[in-house]
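An overview of the molecular structure
As a plain string of letters, each chain reads:
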Amino acid sequence: MKVLFAESHNLDRPDPLGSHHYIRLFKEAGHDCLWLGPALSPMHIGKPDQLNRHRYRIWREGGCEIDGIRWLVPLTLIFYYNRPFMRSLYAGRNQYRFCLPPLAGQLQKIGFAEVDLLWCAGPAALSLLDIIPHRVSCYRLADRLDQFAMIPPSVGIIQQELIAGVDFVLASSLDLREWALESGGKEVYYLPNGVSDSFFSACRQKPEDFPAGKRPTAVYLGSIDTRFDLKPLAAAVKRLPEVNFLLIGPLAEVRLKGEIAGLQKKENFRWLGPKEYKTAPAYLQHGAVGLIPFHDSRLTAAVNPIKYYEYLASGLPVVAPPLRELMAMKGPLHAYRAGDEEDFCRAVREALAGNEKEGEAGRQKRIKFASGQNWRARFTTITEILEKKGLPKSFVNRQG
């Protein structure tokens, strides 16, 4: 089976998202896989940052291959971006129609002129529904992008058109499922995020930059973006000197840079920046609590946090606001009122006290819950959907 993933993220992104796990599972099942995007534009070529230089090199070389998965970066004259004209509906609907060289010709050269599954993740994939002949199309809906800052205001309309245009939608949260149904989705499936097998592995050596000493460590793993609520965390750093607070991940919300720099002066706070994904389990296994300090907003109401499963798979109790998804799963959780400093500190204390009281039994209970939420289980659901959509069972489940 030929599978094409149209994406907004690099294939070699250090912190893989759901699509990264799924395309590797398709490849593991023996299918021919192509990762298309994210696109470049002449504007990007003139930028000196490392990310765009990397994409430009892949475009110039005609693509590359990573772990048996082909990666093609197209160059387009019209790029969907939050700048004048580029933020227009026209740009969002037509990004892939203005590629140099033409996208259809590039795909034909590498044997992807037609595909069995067209997997759309980025909203600009809308035009691919007409450009690329395919047997089945789907849209993995993982965020309400119209709720993010610095994204074209028209993105919600583009997402809705993509929802209505594909054969089926995979919605990662209940909120997104409801929105997809309201937006005209033909078939909408609720398929939450999952956890990688690597988080269940045997105990790893403590990383050298992990906080030293006997104080328990509360860990946050993930991007520090507009969802991140630093206020209660900063209060806990001051009020709970007996606890280390460790942040691991890129800083995407630049407005928090100054506050985080100030917290770095505290003895019990450390921000390590982004780390290789393969090292993440070691940090979590030596932590005591997993944190999800998110705002309570329309954006976070649609979030199904991957980190929740990763924390539990590592045996950690989780402290988070009562997000709809977390409450619906009815899994282990120490909830607090979003934005409430005292409530956040209480939840951290309760999680630590629970650790001491429950011991290994509590740890195993959390791991058991997470074991049923892995990416492989989610992938089985996808193959069942594809079979129902007309791809023969032997075709869907072919092994290499």
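So, here is what we can say about the structure in this document.

What counts and what doesn't
- Residues numbered from 1 in each chain as written.
- Predicted model: local features only at pLDDT ≥ 70, side-chain atom pairs only at ≥ 80, totals over all residues.
- Heavy atoms only, no water.
- Axes fitted to C-alpha atoms, helices over the stretch in contact; angles between N-to-C directions.
- Helix = DSSP H or I, 4+ residues; strand = E, 2+ residues; numbered from the N terminus.
- Parallel < 35°, antiparallel > 145°, perpendicular 65-115°, else oblique.
- Left-handed = near helix turned anticlockwise from the far one by under 90°.
- Contact = heavy atoms within 4.5 Å.
- Nonpolar A, V, L, I, M, F, W, Y, C, P; charged D, E, K, R; others polar.
- Buried < 20%, exposed > 50% of the residue type's maximum accessible area, 1.4 Å probe, protein only.
- Polar contact = N/O pair within 3.5 Å; in protein donor to acceptor, adjacent residues only side chain to side chain.
- Salt bridge = Lys/Arg side-chain N within 4 Å of Asp/Glu carboxyl O.
- Pairing = 2+ DSSP bridges.
- Core = buried A, V, L, I, M, F, W, Y, C linked by side-chain atoms within 4.5 Å.

Considering the packing of helix H13 (residues 306-313) against helix H15 (residues 341-371)
- H15 packs onto H13 with a crossing angle of 135° between their chain directions and a minimal axis gap of 7 Å. Comparing the axis directions of H13 and H15 gives the class oblique. In terms of crossing hand, the pair formed by H13 and H15 is left-handed. For the pair H13 and H15, the contacting residues are Tyr308, Tyr309, Leu312 and Ala313 in the first and Arg366, Ile367, Phe369 and Ala370 in the second.
- Its residues assigned to classes, the contact of H13 with H15 comprises 7 nonpolar, no polar and 1 charged.

Some thoughts on the environment of leucine 72
- For leucine 72, the location among the structural elements is in strand S4 (residues 69-72).
- Classification of leucine 72 as buried rests on a relative accessible area of 5%.
- Sequence-wise, leucine 72 and leucine 11 are 61 residues apart; in three dimensions their C-alpha atoms are separated by 9.6 Å.
- In this structure, leucine 72 is in contact with Leu34, Trp35, Leu36, Gly37, Gly62, Leu103, Gln106, Leu107 and Ile110, ignoring residues within four places of it in sequence.

A short note on helix H9 (residues 230-239)
- Buried residues dominate H9, accounting for 7 of its 10 residues.
- Where H9 is concerned, the buried positions are Leu230, Pro232, Leu233, Ala234, Ala235, Ala236 and Val237.
- Where H9 is buried, its residues touch strand S10 (244-248), helix H10 (257-263), strand S11 (269-271), strand S12 (289-291) and H15.
- Its side-chain oxygen placed 3.4 Å from the backbone nitrogen of lysine 231, aspartate 229 serves as the N-cap of H9.

Quick word on the pattern of salt bridges
- Using the criterion set out here, one finds 26 salt bridges in the structure.
- Lysine 389 is paired through a salt bridge with glutamate 187; the nearest N and O atoms lie 2.9 Å apart. Of this pair, lysine 389 sits in the loop between helix H16 (375-388) and helix H17 (393-396) while glutamate 187 sits in the loop between helix H8 (174-182) and strand S8 (188-190), and the two are 202 residues apart along the sequence.
- For lysine 389, a relative accessible area of 27% translates into the label partly exposed.
- The salt bridge involving arginine 239 is made with glutamate 342; its shortest N-O contact spans 3.0 Å.

A few points about the sheet that holds strand S13 (residues 318-320)
- With parallel pairing, the 6 strands of this open sheet are ordered in space as S11-S10-S9-S12-S13-S14. At either end of the open sheet lies a strand with only one pairing partner, and these are S11 and strand S14 (334-335).
- Where S13 lies against S14, 2 bridges are found, and the strand directions are parallel. If you follow valine 319 over to S14, its bridge partner there is histidine 334.
- Packed on one face of the sheet, H13 meets strand S9 (217-221), S12 and S13 and runs near 140° to S9.

Overview of the nonpolar core
- Counting residues in hydrophobic clusters, the biggest one holds 55 residues, and the most contacted among them are Leu233, Phe245, Leu291 and Val319.
- Counting residues per element, this core draws most heavily on H15, which supplies 7 residues.
- Residues within four places of leucine 291 in sequence aside, it is in contact with Ala218, Val219, Tyr220, Leu233, Phe245, Lys307, Tyr311, Val319, Phe344 and Val348.
- Counting 41 residues, the second-largest nonpolar core is a separate cluster that includes Leu4, Ala91, Leu103 and Leu129.

As for the side chain of asparagine 10
- Structurally, asparagine 10 can be placed in the loop between strand S1 (2-6) and helix H1 (18-28).
- Sequence-distant contacts of asparagine 10, defined by excluding residues within four places in its chain, comprise His20, Trp35, Pro38, Leu51, His54, Arg55 and Trp71.

What about the side chain of serine 173?
- When you line up the elements, serine 173 lands in the loop between strand S7 (168-171) and H8.
- Overall, serine 173 belongs to the buried group, its relative accessible area being 0%.
- For serine 173, the side chain forms a polar contact with the main-chain nitrogen of leucine 176, separated by 3.1 Å.
- Once residues within four sequence positions are removed from consideration, serine 173 is found in contact with Tyr190, Ala302, Asn304 and Glu325.

Quick look at H13
- A large share of H13 lies buried, amounting to 8 of its 8 residues.
- Downstream of H13 by one or two residues, glycine 315 has phi in the positive range, about 85°.

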